[in-house]
Amino acid sequence: MHDTSPQAIPAQEAQAVSWLALEEERAPAGHWDELRAQVTPANPTQTQASKPAQNQSQRIALPSHTLSGPWRNLVAQLPTNTSDRQADLNARMAHLQRQVRDNGITYNVYAAADQPQRPWSLDLFPLMLGHADWQHIEAGVVQRMQLLERIMADAYGPQQLVLNGQLPAALVHGHPGYLPAMQGVNPLGGRYLSLAAFDLARGPDGKWWLLSQRTQAPSGLGYLLENRQIVSRQFPQAFESFAVQRLAETYRTLIDGIKARSQAGASAHIALLTPGPYNETYFEHAYLARYLGLSLVQGNDLTVRDNKLYLKTLQGLQQVHGLLKRVDDDWIDPLELRADSTLGVPGLLQAVRSGNVLVANTPGSGFLESNALLGFMPGLAQKLLGQELQLPATPSWWCGEAAAFQDVLPHLNNCVIKPTYPYHTDRQSFEPVLGHTLTRREQDEWTGRILRDPDAHTLQSWLPLSYQPTWQTGVPGASCIQSRPVELRVFAVANAQGGWQVLPGGLARLGTREGIASMQRGGSSADVWVQSPSAVPKASTQAASPSQGQSQSQKPVRPTPTASPTADTSIPAASDAVAQRQRLVTSRAAENLFWMGRYTERTENTLRLVRLSLEILGSENQNLPCLLNFMTRMATRHGLVRAGVPAATQAHRVFERSLIAGLWDQELATSVGFNLRSVRLAAASVRERLSPEHWRLLEEAESRFFQLAKTSAMPQPTPDALPDTVAVQRLLADTSQMLAALTGAQTDRMSRDDGWRLLSMGRHIERLEFLSQALSEAVQLGLIEEQAGFDAVLDLFDSTISFHAQYQQSRTPQALMDLLVTDPDNPRSLGWVAHTLRSRLRRMGHLADGATLTLSNRLPALIELRPEALWPLDTSQEASTSAAASSTHPRPLQATLGQCQSAAREVSDQLCSLFFTHSGEARYSVGA
């Protein structure tokens, strides 16, 4: 236990101050310092002269060297020795960054297939909010949610606010985010808004101010969960002693509220609509879908039929009752909104109007995000709620209002210039501009722009943001604390009782010392700890009475060191668990799983072929014609070398270097590198089904494989600028090991539902076709008659150890057929592969009217054959064993191998037509 008595605190502070050099590192003058809980005076030797009257007792002026209570407690958990303390924080930061990488947390900017995903940026230190601060924020956010709901109800209902002049029509009907198609539509359950985010900042007075609000598709709910999981483990004692409020209850409240307002109630099928894996926050979409138990869907996964929304699944069309969208309104319905959108669902708005699907939030809330609206909110609160706003917003002036424009224009240098219609391309939009950073000439230019189009501009008073300590390890010199400006995003959700609940925490966004940087421009984040009112578990966490719309179900649970801070310990009823046991597999997910399996197997096969070829070319058998012909034909057939490359029999060295160059060839759609990257791309579309370890393994395998090409300065590989053969063989061996681990993850770490069966079938189709084709080539070229060729075939089938264990030195063709074709226990045997593929097809007989049952009969029953039936024993001494004779007089084996190849292709084609498209009758209702 750490001594936190009054006598011990000064000693702890003295040690902290001497190490942290807090006299030098502080918030800039005039900004609130979160470390000291006070504003930094212009003269560092002075203390804050005055404090606001409100909450005066909680904000007593502190000496400049004094830490705030939460920070004093956090520093007390660190080692007392200065050097040990710095090393300790460095170790914690390294562990944090490793957790971010291991969990696969990414935030991408227009992610591309050929670019690595960018790790999520997270700082070591949390933003800590006391109970008094949180009470003020919570009550203010609940009140603003009530107000936004009333405004939206009026805008799509009687429109009295516009008619009576409380709101300008240009900010409602003239806003691109207002959707006339939703006018007069009553939302399901009587709620327009299910979720909203509010961006706050603490001013120099210590109060929290509202900067903006997001209602269309606010991001951050998934990232803040990961932030909590990671940061709380870095300071478990401080986390426990601060009595941080739990987060899980609010997430349950969100989903329970959506279900309660939907037509199907508690049994409703809820899906999360994502733009797809190239979106910058796709990690969060997949994480939330997995955490909340929702179907992660893209626009082409859904269809509207008879005014109802359906999900295309392997089981057929399944109705969707609720949609938590992460796509802005403009893109959700190409039939009525943006015709060029490929992210939405044609007919979705009609399904919403018909009351058959609940969309969170109801389309058309985009006008609420305008910064110009903030200036009208105090009057609207009086009109609609009869209350003063408890959470103030930074003063805002819409330049379309002549009187306000004339008053604020002379003070342009003290304002932030913001677009009235952000995120919309059909109205003038731009990045916010800080007036005090502009030169006189630039201010005049901006004044001219505003005069030419005043409606499109809003001026907001500049607020000096508070500064949060961060731990910087990448700075020149020693690691150190640096202060960064911080904004706080908090979330409010609608509950099942018709009220609102505020998530007790949030996402802290950190910027550079000069100002807030968005996450798209290199900003960072921090966890947010909200203190419970008491360490006693039964204490209430409500900031408002039930009559104010706050849920009564949330109870603070003080976390223990052994429990996850966001863990949900509730156990669903047995009936609910059974009812929800079936996992729907969308047609898109099924197709990606299928090709993920095929590309994984294809990568293994081609990689093994390259390894075998390089080994032969460097061995004593490098001049054996049958081996060289086999390598050339196999490499050419599978696209591992470019057309026109001399055969291995003609030029060993040229063929070898061409084979190596082809590993990373971006233009060859059959190269090992292309196949490996295709595995990751297919997996990205079903990331919600993969464990963090599975995803990390995929990324690491791809990264390591392409790293050798990068270090060899090979943007486009050429035989003259390649790594040496030994380095390539070492890389191929390492990649092969990682693929083996990946196979284990696919085999033993994924639920064996219909989606997994398709993944497995994809692998077995690819294996059956590749190995049967390879064996056919080997027989035609006479490899079986040569010991080196015999061994090469075993190596390609990955069955060398099994053969030696079972047959010792009995190198007969019949023994080879027994192990590689008819053996029911060898997973590399064609018989085992065909038998397993047949059983997978039969397990899916409940789908597609039993079509897979018939399809399974197309596969040859190889395990029922005897080796002698494939390769008869030669009783005549006249029987020729030459390659030419084998080709002229094909044994029964060749016919069987040909049957395997054709069956594999037929099964693949039939599965694609059965499960990956839905072409049944569609009756769209598009009338309003």
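Please read these numbers as outputs of a predicted model, since none were measured by experiment. What you see as residue numbers is a count from 1 along each chain, following the sequence as written. Reporting in this predicted model follows two pLDDT cut-offs: at least 70 for local features of residues, and 80 or more for side-chain atom pairs to be given and counted; totals over whole chains, interfaces and linings ignore these cut-offs and use all residues. Note that the side-chain values use all heavy atoms of the structure and ignore hydrogens as well as water.

To continue, consider the overall build of the protein chain. Only DSSP runs of H or I covering at least 4 residues are called helices, and only runs of E covering at least 2 are called strands; the numbering of each starts at the N terminus. Each helix and strand counted, the protein chain has 29 helices and 22 strands in total. The buried label goes to any residue with under 20% of its type's maximum accessible area, the exposed label to any with over 50%, and the partly exposed label to all in between, with areas taken from a 1.4 Å probe on protein chains only. Classification of the 928 residues of the protein chain by burial places 57% in the buried group. For the protein chain, contacts bridging at least 24 residues in sequence account for 72% of all contacts bridging at least 6. The protein chains shown are the only cover counted for residues, whose accessible areas, like all others here, come from Shrake-Rupley with a 1.4 Å probe. Accessible surface computed for the protein chain: about 37300 Å², of which carbon and sulfur atoms make up 50%. The criterion used for residue contact is that any of the two residues' heavy atoms lie within 4.5 Å.

Of the consecutive residues alanine 360 and asparagine 361, the connecting peptide bond is found in the cis state with omega at -5°. For glutamine 159, which is not a glycine, the phi torsion comes out positive at approximately 60°. Mapped onto the elements of the fold, glutamine 159 is located in the loop between α4 (131-155) and α5 (160-163). For aspartate 849, which is not glycine, the phi dihedral falls at a positive 55°.

Okay, the sheet that holds strand β13 (residues 396-398) next. The criterion for strand pairing is that DSSP finds at least two bridges linking the strands in question. Read from one edge of the open sheet, four strands run β13-β16-β14-β15, paired in antiparallel fashion. Each edge of the open sheet is held by one strand with a lone partner, namely β13 and β15 (433-434). Two elements, strand β14 (residues 415-419) and β15, share two bridges in a ladder whose sense is antiparallel. Bridging from a neighbouring strand, valine 416 pairs with leucine 434 of β15.

Turning our attention to the side chain of serine 68. Mapped onto the secondary structure, serine 68 falls in the loop between β2 (38-39) and α2 (69-76). For serine 68, the residues in contact, after removing those within four places along its chain, are Glu34, Leu35, Arg36 and Ala37.

On average, the protein chain scores 84 in pLDDT, and the residues at 70 or more come to 82%. A residue's pLDDT is simply how confident the predictor is in it, with values from 0 to 100. Note that residues 919-928 has pLDDT below 50 and, in this model, 16 contacts with residues that lie over four places away or in other chains.

This next bit is on the pairing of strand β20 (residues 507-510). Because side chains alternate across β20, one face comprises the buried residues Leu507 and Arg509, and the other comprises Ala508 and Leu510, equally buried. Where strand β18 (residues 480-494) lies against β20, four bridges are found, and the strand directions are antiparallel. Following the sheet pairing, arginine 489 is matched in β20 by leucine 507.

In this section: the packing of aromatic side chains. Two measures describe an aromatic ring pair: the distance that separates the ring centres and the angle between the ring planes. Only rings of Phe, Tyr and Trp enter the pairing, Trp through its six-membered ring, and a pair is recorded when the two centres are within 6.5 Å. The plane angle decides the type: under 30 degrees is stacked, over 60 is edge-to-face, the rest tilted. Summed over the entire model, instances satisfying the criterion amount to 23 aromatic pairs. Centroid distance tryptophan 71 to phenylalanine 125: 5.1 Å. Interplanar angle 75°. Geometry classified as edge-to-face. Of this pair, tryptophan 71 sits in helix α2 while phenylalanine 125 sits in the loop between α3 (82-102) and β3 (127-129), and the two are 54 residues apart along the sequence. For the pair shown, tryptophan 71 and phenylalanine 125 are each scored as buried. Their ring planes at 85° and their centres at 5.6 Å tell us that phenylalanine 594 and tryptophan 595 sit as a pair that is edge-to-face. Overall, phenylalanine 594 belongs to the buried group, its relative accessible area being 0%.

With that settled, the discussion passes to the pattern of salt bridges. A pairing counts as a salt bridge when a side-chain nitrogen of Lys or Arg comes within 4 Å of a carboxyl oxygen of Asp or Glu. This model, assessed by the stated rule, comprises 42 salt bridges. Taking the shortest distance from any N to any O, the salt bridge between glutamate 249 and arginine 252 comes out at 2.6 Å. Residue glutamate 249 and its partner arginine 252 are located together in helix α8 (residues 248-261), separated by three residues, close to a single helical turn. A single salt-bridge network, built from bridges that share partners, covers Arg598, Arg602, Glu766, Glu769 and Arg905.

Note that an α-helix has 3.6 residues per turn; residues three or four places apart therefore point the same way. The end-to-end C-alpha separation of helix α16 (residues 625-637) is 18 Å, in line with the 18 Å expected for 13 residues at 1.5 Å each. All buried positions along α16 are accounted for by Cys626, Leu627, Leu628, Phe630, Met631, Thr632, Met634 and Ala635. Residues of α16 that are buried in the fold lie against α15 (587-617), α17 (652-661), α21 (754-780) and α22 (787-796). Backbone geometry just after α16 places glycine 639 at a positive phi near 70°. Expected span of a helix: the number of residues minus one, times 1.5 Å.

Take the sheet that holds strand β12 (residues 358-360) next. Sheet architecture is open: four strands sit in the order β7-β6-β11-β12, paired in parallel fashion. Looking at which strands have only one partner, the edges of the open sheet turn out to be β7 (295-297) and β12. For this sheet, the mean angle separating the axes of adjacent strands, direction not counted, is 25°. Across three bridges, strand β11 (residues 322-325) lies against β12 in parallel orientation. Among the inter-strand pairings, leucine 323 is bridged to a residue of β12, identified as valine 359. The axes are straight lines fitted to the C-alpha atoms, using for helices just the contacting stretch, and the angles between their N-to-C directions are given from 0 to 180°. Along the sheet, helix α9 (residues 282-292) contacts β6 (270-273) and β7; its crossing angle with β7, the most-contacted strand, is approximately 150°.

Moving on to the environment of proline 432. Mapped onto the elements, proline 432 comes out in the loop between β14 and β15. Take proline 432: its relative accessible area is 48%, and that puts it in the partly exposed class. As for proline 432 and isoleucine 417, which are separated by 15 residues in sequence, their C-alpha atoms are 5.5 Å apart. Those residues in contact with proline 432, other than ones at most four positions away along the chain, are Val416, Ile417 and Lys418.

What helix α11 (residues 377-384) keeps buried is the set Met377, Leu380 and Ala381. One side of α11 carries all its buried residues, which in axial view fall inside an arc of 105°. Where α11 is buried, its residues touch α4, α5 and β5 (208-214). Looking one or two residues past α11, glycine 386 carries a phi angle of roughly 70°, positive in sign. The arc in question is traced by the directions running from the helix axis to the C-beta atoms.

As a rule of thumb, soluble globular proteins bury nonpolar side chains together. With 105 residues, the main nonpolar core has Met596, Trp664 and Leu911 as its most contacted residues. Top contributing element to this core by residue count: α15, with 13 residues. Excluding residues that lie within four positions of it along the chain, leucine 911 makes contacts with Phe594, Leu758, Met761, Ile765, Leu841, Leu855 and Phe916. In this structure, Leu129, Met145, Ile332 and Trp500 belong to the second largest nonpolar core, which totals 72 residues. What makes a nonpolar core is a set of buried Ala, Val, Leu, Ile, Met, Phe, Trp, Tyr and Cys residues whose side-chain atoms join them at distances within 4.5 Å.

This part covers the pairing of β18. Counting buried positions along β18 gives 14 out of 15 residues, so the element sits mostly inside the fold. Examined bridge by bridge, strand β17 (residues 467-472) and β18 share six bridges and lie antiparallel to one another. Following the sheet pairing, threonine 470 is matched in β18 by glutamine 482. As paired elements, β18 and strand β19 (residues 500-502) share three bridges and run antiparallel to each other. In the sheet register, alanine 494 faces β19, and the bridge partner there is tryptophan 500.

With that out of the way, let us pick up the environment of phenylalanine 706. Tracing the sequence through the fold places phenylalanine 706 in helix α19 (residues 692-711). For the pair formed by phenylalanine 706 and leucine 731, sequence separation is 25 residues and the distance between their alpha carbons is 9.8 Å. Among all residues touching phenylalanine 706, those that are not within four sequence positions of it are Trp664, Gln666, Gly673 and Arg677.

Once that is clear, we can look at the side chain of threonine 394. You can see threonine 394 is positioned in the loop between α11 and β13. The exposure class assigned to threonine 394 is buried, which follows from its relative accessible area of 2%. Ignoring anything within four residues of it in the chain, the contact list for threonine 394 reads Trp209, Leu210, Leu211, Gln460, Ser461 and Leu463.

With that settled, consider the packing of helix α20 (residues 725-748) against α21. For the pair α20 and α21, interaxial distance at closest approach is 10 Å and the crossing angle is 140°. Here α21 runs oblique to α20, going by the angle between their axes. Along its contact with α20, which presents Thr743, Gln746 and Thr747, the element α21 presents Trp756, Leu759 and Arg763. Among the residues making up the contact of α20 with α21, the classes are represented as two nonpolar, three polar and one charged. Working definition: roughly parallel below 35 degrees, roughly antiparallel above 145 degrees, roughly perpendicular at 65 to 115 degrees, and oblique for all remaining angles. Three classes are used: nonpolar for Ala, Val, Leu, Ile, Met, Phe, Trp, Tyr, Cys and Pro, charged for Asp, Glu, Lys and Arg, and polar for all others, with Gly counted as polar.

Contact geometry for α15 and helix α29 (residues 892-915): axes closest at 10 Å, N-to-C directions at 160°. On the basis of their axis angle, the class for α15 and α29 is roughly antiparallel. Read as a crossing pair, α15 and α29 show a hand that is left-handed. The residues of α29 that touch α15, namely those facing Ser587, Phe594 and Arg598, are Ser908, Leu911, Cys912 and Phe915. Classifying every residue of the contact of α15 with α29 by side-chain character gives four nonpolar, two polar and one charged. Left-handed describes a crossing whose near helix is turned anticlockwise from the far helix through less than a right angle; right-handed describes the clockwise counterpart.

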